Amino acid sequence: MTTTLDVQRSGPVARVYLNRPEVRNAFNDGVIAELTQTFATLGADATLRCIVLGGHGKAFCAGADLNWMRAMAGYSWEQNRADAQALADMLWTIYSCPVPVVGRVHGDCYAGGLGLAAVCDVLVAAEGLQFCLSEAKLGLLPATIGPYVVKAMGEQAARRWFVTAERFSAAQAHAMGFVHECVAPEALDAKVDELIAALVANGPMAVSACKKLVQDVAGRPIDAELRAETARRIADIRASDEGREGIQSFLAKRAPNWLA
């Protein structure tokens, strides 16, 4: 366990919980640094197959810590820039982690917390919780989380929720595609475990390659360069040991060696 995180490991699965329930898991520079280091370390572990990101207490994440915000009020432009860059780097570390990240959103998710949810690859939320991009209420904007949130919920949805700073429900988040699964609170862990089982059943290299493929091709024109690149990628993985094993085990009607 770190100072602000509860990190658990069970076989090929790691679970990272924000562990500041007394402040609704609001983050500060310490949380940001620990999340960055934790996901960099986990992402480099070749034996890891899935990471769950969740939170302890009533809320998933309430955004920025109030004491941290008070300190920022006296920051210079340069200090604000460095502080914001640390948050941007943390989000990128999670987003680009080669291990798939399943977001377990059990309680309310506001401001920067929504950015944490947006960088997860698969997002499960409990019915009844609320999301809010509340920055505009404070005269601010969701800048560092913006690229990930727009990708996750779509431009048209972001046009509304960024500027109104209204709350929206887990059901609304599911309807717009931001949340993949919206389940009753008592069913949350069962759904997360179901997704973990699906991920672990797949080829480890293939899962990482699939994650990167989505990130690399989204929004790109389907031109000759992209067609050639995707042909190269499938040729690479077909010729790999894992690709050969996957095909051979399928044809032989046996379990692949990564499930042995």
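Residues numbered from 1 in each chain as written. Predicted model: local features only at pLDDT ≥ 70, side-chain atom pairs only at ≥ 80, totals over all residues. Heavy atoms only, no water.

What follows covers unusual backbone geometry. Positioned with a positive phi, Asn25 is a non-glycine residue whose angle comes to about 60°. One can find Asn25 in the loop between strand S2 (13-18) and helix H1 (29-43). For Ala165, which is not a glycine, the phi torsion comes out positive at approximately 55°. Take Ala165: it is sitting in the loop between helix H6 (155-164) and strand S8 (167-169). (Helix = DSSP H or I, 4+ residues; strand = E, 2+ residues; numbered from the N terminus.)

The next thing to look at is the nonpolar core. By size, the foremost hydrophobic cluster in this structure holds 65 residues, and its most contacted members are Leu35, Phe131, Met153 and Phe178. Sort the elements by how many residues they give to this core and helix H8 (residues 188-200) lands first, with six residues. In contact with Phe178, not counting residues within four places along its chain, are Leu114, Ala117, Ala118, Leu123, Phe131, Ala152, Met153 and Ala173. (Core = buried A, V, L, I, M, F, W, Y, C linked by side-chain atoms within 4.5 Å. Buried < 20%, exposed > 50% of the residue type's maximum accessible area, 1.4 Å probe, protein only. Contact = heavy atoms within 4.5 Å.)

The subject of this paragraph is the side chain of Arg104. Mapped onto the elements of the fold, Arg104 is located in strand S4 (residues 101-105). For Arg104, the side chain forms a polar contact with the side chain of Asp189, separated by 2.7 Å. In contact with Arg104, other than residues within four places in its own chain, are Tyr17, Val52, Leu53, Gly54, Gly55, Phe60, Val124, Leu188, Asp189 and Val192. (Polar contact = N/O pair within 3.5 Å; in protein donor to acceptor, adjacent residues only side chain to side chain.)

For the rest of this paragraph, the subject is the sheet that holds S4. Reading across the sheet, the six strands line up as S1-S2-S3-S4-S6-S9 and stay open at both edges, with mixed pairing between neighbours. What marks the edges here is a single partner per strand, and that holds for strand S1 (5-10) and strand S9 (181-183). Looking at each pair of strands side by side, their axes are set apart by 15° on average, direction ignored. By the bridge criterion, six bridges tie S2 to strand S3 (residues 50-55) in an arrangement that is parallel. Bridging across to S3, Ala14 finds its partner in Ile51. (Pairing = 2+ DSSP bridges. Axes fitted to C-alpha atoms, helices over the stretch in contact; angles between N-to-C directions.)

What follows concerns the packing of aromatic side chains. Under the criterion given, the structure shown has six aromatic pairs. Pairing Trp92 with Tyr95 gives two aromatic rings, centres 5.6 Å apart and planes at 40°, and the pair type is tilted. Highlighted residues: Trp92 and Tyr95, both in helix H3 (residues 77-95), separated by three residues, approximately one helical turn. Taking the relative accessible area as the measure of exposure, Trp92 reaches 48% and is therefore partly exposed. The class for Tyr95 is buried, based on a relative accessible area of 14%. (Phe/Tyr/Trp six-rings, centres within 6.5 Å; stacked < 30°, edge-to-face > 60°.)

With that settled, the discussion passes to the sheet that holds strand S7 (residues 130-132). Strand order in the open sheet formed by three strands is S5-S7-S8, with mixed pairing between adjacent strands. For this open sheet the edge positions go to strand S5 (109-110) and S8, each flanked by a neighbour on one side alone. Taken together, the two bridges between S5 and S7 define a ladder with parallel strand orientation. Residue pairing across strands places Cys109 opposite Phe131, the latter belonging to S7.

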